[in-house]
Number of protein chains: 2
Amino acid sequence: MNMGISKTSNYTARQLELAKIAKALSHPARIAIVQFLLKKKTCYCGDIVSELPIVQSTVSQHLKELKAAGLIKGTIAGTSTCYCIDEKNWKSSQQLIAALFDKIPAVKSTCC
Amino acid sequence: MNMGISKTSNYTARQLELAKIAKALSHPARIAIVQFLLKKKTCYCGDIVSELPIVQSTVSQHLKELKAAGLIKGTIAGTSTCYCIDEKNWKSSQQLIAALFDKIPAVKSTCC
DNA sequence: CATATTCATCGCAATATTACGATAAATATT
DNA sequence: AATATTTATCGTAATATTGCGATGAATATG
């Protein structure tokens, strides 16, 4: 049907950005990857592969998505690629998300 | 192929929970919905429908997903349903996410 | 130069997501 | 009781995601 109509313009830039970040983190493998990168500071794709229960090509795909969302960076180093958290974007993402979650109402809801 | 193997057990409960929250927020419509609920405190499905560029059945589906993830609650009130943020789960989600984002390394990465 | 290593990409299959319209279910209104 | 209102669910179509193996591309090593 017409499911594919991405009504992108109907949402604010902030909403789209938040959804993009959330989507990047919406798979446990990608959560595991960023946690690993946060712990290790930098590492190669192979290090992640040996850490996760999925094969190399799938890990590479997940890395691509995290990179597309801006959460991580990758630089080629010889035959391998060194990945790390994109600290600048990580911080701005942190703030965007924090701003959303901070808006919890002081007043209790009347119905639920 | 064998794509559907959900290797759930290979990830920690925390990783799975984080991914679940992120997934619930991975669509701009659902971001818009929670923002609306945060602002309005409580409201009916119809209020959300008239706020968003999508039809009622789709909004209902998004609400179902947010509810399944535990981020919102809904109570039936006559013919309509009153939705609101699940404050308890909202706060615990906030903490889980904050804990992830707080782990930004003090040391700069050497490669990227 | 030949081979090895490492990662990205392609091709494909299975499943999930998203959207809509139609309809059901439940309560409210006349 | 009949009709209206409101939301949930069903059915279906289009597209996206996830996974794997195979292969390509690039640099490193022998």
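Structure report, in brief. (Residues numbered from 1 in each chain as written. Chains lettered and ligands numbered in written order. Predicted model: local features only at pLDDT ≥ 70, side-chain atom pairs only at ≥ 80, totals over all residues. Heavy atoms only, no water.)

1. Looking at the pattern of salt bridges
Argument step 1. Overall, the coordinates contain 4 salt bridges over all chains when judged by the stated rule.
Argument step 2. In this structure, the salt-bridge partner of Glu65 of chain A is Arg30 of chain A, at a minimum N-O distance of 3.3 Å. Within this pair, whereas Glu65 of chain A is found in helix α4 (residues 56–68), its partner Arg30 of chain A is found in helix α2 (residues 28–40), the two being separated by 35 residues in sequence.
Argument step 3. The exposure class assigned to Glu65 of chain A is partly exposed, which follows from its relative accessible area of 35%.
Argument step 4. For Arg30 of chain A, a relative accessible area of 6% puts it in the buried group.
Argument step 5. Across the salt bridge formed by Lys20 of chain B and Glu17 of chain B, the nearest N and O atoms sit 3.7 Å from each other. (Salt bridge = Lys/Arg side-chain N within 4 Å of Asp/Glu carboxyl O. Helix = DSSP H or I, 4+ residues; strand = E, 2+ residues; numbered from the N terminus. Buried < 20%, exposed > 50% of the residue type's maximum accessible area, 1.4 Å probe, protein only.)

2. A look at empty space enclosed by the protein
Argument step 1. Taken as a whole and assessed by the stated rule, the structure comprises 1 cavity of 30 Å³ or more.
Argument step 2. In this structure, the largest cavity spans a volume of roughly 130 Å³.
Argument step 3. Every residue lining the largest cavity is counted, 15 residues in all, and those nearest its centre are Ala22, Leu25 and Ile97 of chain A together with Ala22 and Ile97 of chain B.
Argument step 4. Those elements that provide at least two residues to the lining of the largest cavity are α1 (13–24) and α5 (87–102) of chain A together with α1 (13–24) and α5 (87–102) of chain B.
Argument step 5. Along the lines of polarity and charge, the residues of the lining of the largest cavity split into 15 nonpolar, no polar and no charged. (1 Å grid on protein atoms, 1.4 Å probe; cavity = no way out; pocket = protein on both sides within 12 Å on 5 of 7 lines; lining within 4 Å. Points joined across faces, edges and corners; volume = space filled by probe spheres on them. Nonpolar A, V, L, I, M, F, W, Y, C, P; charged D, E, K, R; others polar.)

3. Examining the sheet that holds strand β1 (residues 42–44) of chain A
Residue and element names in this part refer to chain A.
Argument step 1. If you trace the 3 strands from one edge of the open sheet to the other, you get β1-β3-β2, paired in antiparallel fashion. Edge positions in the sheet fall to β1 and β2 (72–77), since each has one partner strand and no second. This sheet shows a mean twist of 30 degrees between the axes of neighbouring strands, independent of strand direction.
Argument step 2. Here 3 bridges tie β1 to strand β3 (residues 80–85), and the two strands are oriented antiparallel to one another. (Pairing = 2+ DSSP bridges. Axes fitted to C-alpha atoms, helices over the stretch in contact; angles between N-to-C directions.)

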